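Observations on the three-dimensional arrangement
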Amino acid sequence: MDVLDLSRWQFGITTVYHFLFVPLTIGLSVIVAGLQTAWYRTRNPDHLRLTRFFGRLFLINFAMGVVTGIVQEFQFGMNWSAYSRFVGDVFGAPLAMEGLIAFFLESTFLGLWIFGWDKLPPRLHLATIWLAALGTNISAYFILAANSWMQHPVGYRLNPVSGRAELTDIWAVLGNSTTLVTFPHVLFGAFVTAGAFVAGVSVWQLSRGREAAMFLGSARMAMAVTLVAAAGVALSGHWQAQIMTEQQPMKMAAAEALWEDETSAGFSLFAVGDVENGRNHVNVQIPYGLSLLATNTTDGRVEGVNDIQARYQALYGPGDYRPVVGLAYWTFRLMIGFGVLAGLLALAGLWLTRRGRSPSGRWFHRLAVAGIGLPFLANSLGWIFTEMGRQPWTVFGVMRTAAAVSPGVDVTEVAITLTGFTLVYAVLAVIEVRLLLKFIRIGPHEEPEPAGAVPALTH
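Residues numbered from 1 in each chain as written. Predicted model: local features only at pLDDT ≥ 70, side-chain atom pairs only at ≥ 80, totals over all residues. Heavy atoms only, no water.

Some points on the overall build of the chain
Looking only at helices and strands, the chain has 14 helices and eight strands in total. For the chain, the C-alpha radius of gyration of 24 Å lies close to 23 Å, the compact-globule estimate for 459 residues. Principal axes of the C-alpha set define a box for the chain whose edges measure 70 × 50 × 45 Å. The burial tally for the chain puts 50% of its 459 residues in the buried class. Counting only contacts in the chain whose residues sit at least 6 apart along the sequence, the fraction spanning at least 24 positions is 78%. When the accessible surface of the chain is split by element, carbon and sulfur atoms take 68% of a total near 20,600 Å². The average position of the 30 basic charges and that of the 29 acidic charges among the side chains of the chain differ by 13 Å. (Helix = DSSP H or I, 4+ residues; strand = E, 2+ residues; numbered from the N terminus. Rg over C-alpha atoms; globule rule 2.2 N^0.38 Å. Buried < 20%, exposed > 50% of the residue type's maximum accessible area, 1.4 Å probe, protein only. Contact = heavy atoms within 4.5 Å. Areas by Shrake-Rupley, 256 points an atom, 1.4 Å probe, with all protein chains shown as cover. Lys, Arg positive; Asp, Glu negative; His and termini not counted. Charge placed at Lys NZ, Arg CZ, Asp CG, Glu CD.)

Some points on helix 12 (residues 362–370)
Of the residues making up helix 12, those classed as buried are Phe364, His365 and Ala368. Projected down its long axis, helix 12 carries its buried residues within an arc of 100°, all on one side. In helix 12, the exposed positions angled more than 90 degrees off the buried face are occupied by Arg362, Trp363, Arg366 and Ala370. Packed against the buried residues of helix 12 are helix 6 (177–207), helix 7 (212–247) and helix 11 (325–352). (Arc of directions from axis to C-beta.)

What about unusual backbone geometry?
In the segment running from Gln391 into Pro392, the intervening peptide bond is cis, with an omega of 15°. With respect to the helices and strands, Pro392 occurs in the loop between helix 13 (373–388) and strand 7 (393–395). Look at Asn296: it is not a glycine, yet its phi comes out positive at around 70°. Among the secondary structure elements, Asn296 is positioned in the loop between helix 9 (289–295) and strand 6 (301–302).

A word on the layout of surface pockets
For the largest pocket, the calculated volume is near 1,500 Å³. Around the largest pocket, the lining comprises 48 residues; the ones closest to its centre are Phe11, Thr15, Val16, His18 and Gln72. Elements represented by at least two residues in the lining of the largest pocket include exactly helix 1 (3–42), helix 2 (45–78), helix 3 (81–115), helix 4 (122–151) and helix 13. Per-element tally for the lining of the largest pocket: the top contributor is helix 1, with 14 residues. In terms of residue class, the lining of the largest pocket is made up of 27 nonpolar, 14 polar and seven charged. Lining the second largest pocket are 43 residues, and of these His185, Val233, Gly237, Gln240 and Met335 sit closest to its centre. Looking at the lining of the second largest pocket, the elements with two or more residues in it are helix 4, helix 6, helix 7, helix 9, helix 11 and helix 13. Taken together, the residues of the lining of the second largest pocket break down into 24 nonpolar, 18 polar and one charged. (1 Å grid on protein atoms, 1.4 Å probe; cavity = no way out; pocket = protein on both sides within 12 Å on 5 of 7 lines; lining within 4 Å. Points joined across faces, edges and corners; volume = space filled by probe spheres on them. Nonpolar A, V, L, I, M, F, W, Y, C, P; charged D, E, K, R; others polar.)

Focus: empty space enclosed by the protein
A complete count under the given rule lists three cavities of 30 Å³ or more for this structure. By volume, the largest cavity amounts to about 100 Å³. In this structure, the largest cavity is lined by Ala196, Ala199, Gly200, Met223, Thr226, Ala342, Leu345, Ala346, Phe364, Ala368 and Gly371. Mapped onto the lining of the largest cavity, the elements with two or more residues apiece are helix 6, helix 7, helix 11 and helix 12. Grouping the amino acids of the lining of the largest cavity by side-chain chemistry returns eight nonpolar, three polar and no charged. Lining the second largest cavity are Gln248, Met250, Lys251, Tyr312, Tyr321, Gly389, Arg390, Gln391, Trp393 and Phe396. Here the lining of the second largest cavity is built from residues that sort into five nonpolar, three polar and two charged.

Some details on the nonpolar core
As a rule of thumb, soluble globular proteins bury nonpolar side chains together. Within the largest apolar cluster, 44 residues are counted, with the highest numbers of intra-cluster contacts made by Leu28, Phe54, Phe197 and Met223. Those residues in contact with Phe54 that sit more than four places away from it in its chain are Leu28, Val32, Leu35, Val198, Val201 and Ser202. One finds Ala257, Leu258, Leu293 and Tyr329 within the second-largest nonpolar core, a separate group that totals 30 residues. (Core = buried A, V, L, I, M, F, W, Y, C linked by side-chain atoms within 4.5 Å.)

Concerning the packing of helix 2 against helix 7
The angle between the axes and the distance between the axes are what describe a pair of packed helices. Look at helix 2 against helix 7: their axes get within 10 Å of each other, and the N-to-C directions meet at 65°. In this structure, helix 2 crosses over helix 7, and the sense of that crossing is right-handed. For the pair helix 2 and helix 7, contact is made by Asp46, Arg49, Leu50 and Phe53 and by Met214, Phe215 and Ser218, respectively. (Axes fitted to C-alpha atoms, helices over the stretch in contact; angles between N-to-C directions. Left-handed = near helix turned anticlockwise from the far one by under 90°.)

Topic: the environment of Ser7
Topologically, Ser7 is positioned in helix 1. C-alpha separation for the pair Ser7 and Gly116, spaced 109 residues apart in sequence, amounts to 43 Å. Apart from the residues lying within four places of it in its own chain, the contact partners of Ser7 are Asn79, Trp80, Val405 and Val414.

A look at the confidence of the model for the chain
Averaged over the chain, the pLDDT score is 88; the fraction of residues at 70 or greater is 97%. pLDDT under 50 marks residues 453–459. Its contacts with residues more than four places away, or in other chains, come to twelve contacts. (pLDDT = per-residue confidence, 0-100.)

Brief notes about the side chain of Thr51
Checked against the element boundaries, Thr51 lands in helix 2. On the basis of relative accessibility, which here comes to 0%, the residue Thr51 falls in the buried class. A polar atom in the side chain of Thr51 sits 3.4 Å from the backbone oxygen of Leu35. Reaching out from Thr51, the side chain makes a polar contact with the backbone nitrogen of Gln36 at a distance of 3.2 Å. The residues contacting Thr51, other than those within four sequence positions of it, are Val32, Leu35, Gln36, Trp113 and Trp117. (Polar contact = N/O pair within 3.5 Å; in protein donor to acceptor, adjacent residues only side chain to side chain.)

A short note on the environment of Arg362
Among the secondary structure elements, Arg362 is positioned in helix 12. You can call Arg362 exposed: its relative accessible area is 63%. In this structure the C-alpha to C-alpha distance between Arg362 and Gly304, which are 58 residues apart in sequence, comes to 47 Å.

Points about the pairing of strand 4 (residues 267–274)
On a regular strand, one side chain projects to one face of the sheet and the next to the other, so that they alternate. Note that strand 4 and strand 5 (residues 279–286) share seven bridges and pair antiparallel. In the strand pairing of strand 5, Val272 is matched with Val282. Where strand 4 folds back on strand 5, the antiparallel hairpin that results is connected by four residues, among which Gly278 adopts a positive phi of roughly 65°. (Pairing = 2+ DSSP bridges.)

Spelled out as structure tokens, the structure:
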């Protein structure tokens, strides 16, 4: 492997690892805020206990997300200095706004929430967790705006003297059509993740015979969140597929192993392809499915890999503009598959727990706990598809990945940091899992009413 390969592996490993924590943090912040709101309005002590219980798990995950996220910023300067120099004026703007506005908002008010239980009036204390959740979601928007610029660069100009991309319209960057479809897709995915997590933990507690009424309520609430969010993922994913077809047709063609331009294209369920010769030996399809997904019509035309490759060579010059087709094809399918399974599991759980029933079968308990991992797999595969499907571009149509790597870094240096980060992250993963399992096993405490609590609101 050369410096480019090792740098890509390092960035891929650290990015996927970091994104394990991000969706859970985004979704769990809102769920915890919702539980505290329910306690504030009803003074039901179970709601307070659930707020504190899942709040502890949220804080563990938040801390790990912050630690792993810092590495992402440093890598741009360490391994990708050519990229940083070329697009720093544009790419740095939304990231700076994320740090100055969103991260400040979430970290400040999260600190007030942690230490303000007995020091702030309950209404003000409730506001702190909502503001922290708001900051977490705004943070996601700014980061996605930066990433979306790499997928669909807008609001910039190329300086012919310095050879750099310069920001000309920050509102074009923040209002990028790619961001506007990606943001809700990521948010819904985060709520699927948090919902499955809360449901799995609640069902595990039920399987141990703990607090049946309380955890049955939290399990059903979380399953409902998961199911609604899964529907949102599907709808927003449909919009995103249309934007992707328009802006990055090669990514969509690779996701479907579609080699030639086709009208009334079917959605591929299973294919065995011949990448070298640009064709499929086997392709099991849903008729008209791809045209519906990409164009909203049954007779829509979708471009194929071979035709796009020829067009890109004429536009950008000689080269291979195809991503790894097999990887794009299967990550796209597995992303969808794991997401659908998470939604179906939530639907089954709601049916089995209807009218206050508490399922006693071990199979359901095991499925609910195993189901925690489904959204994590879907999220990770989705990001792998998004980033790998853009290759060979770092900034689509503007800068290739091979030109983005740091010129002064050698193989040994990248290999050392790659090994070091991977080992450190493995240790952090063990710490994270052990902490979560420790507090899940302990379960919720009996929580005294915070000082200065106001009477329950009545209607």
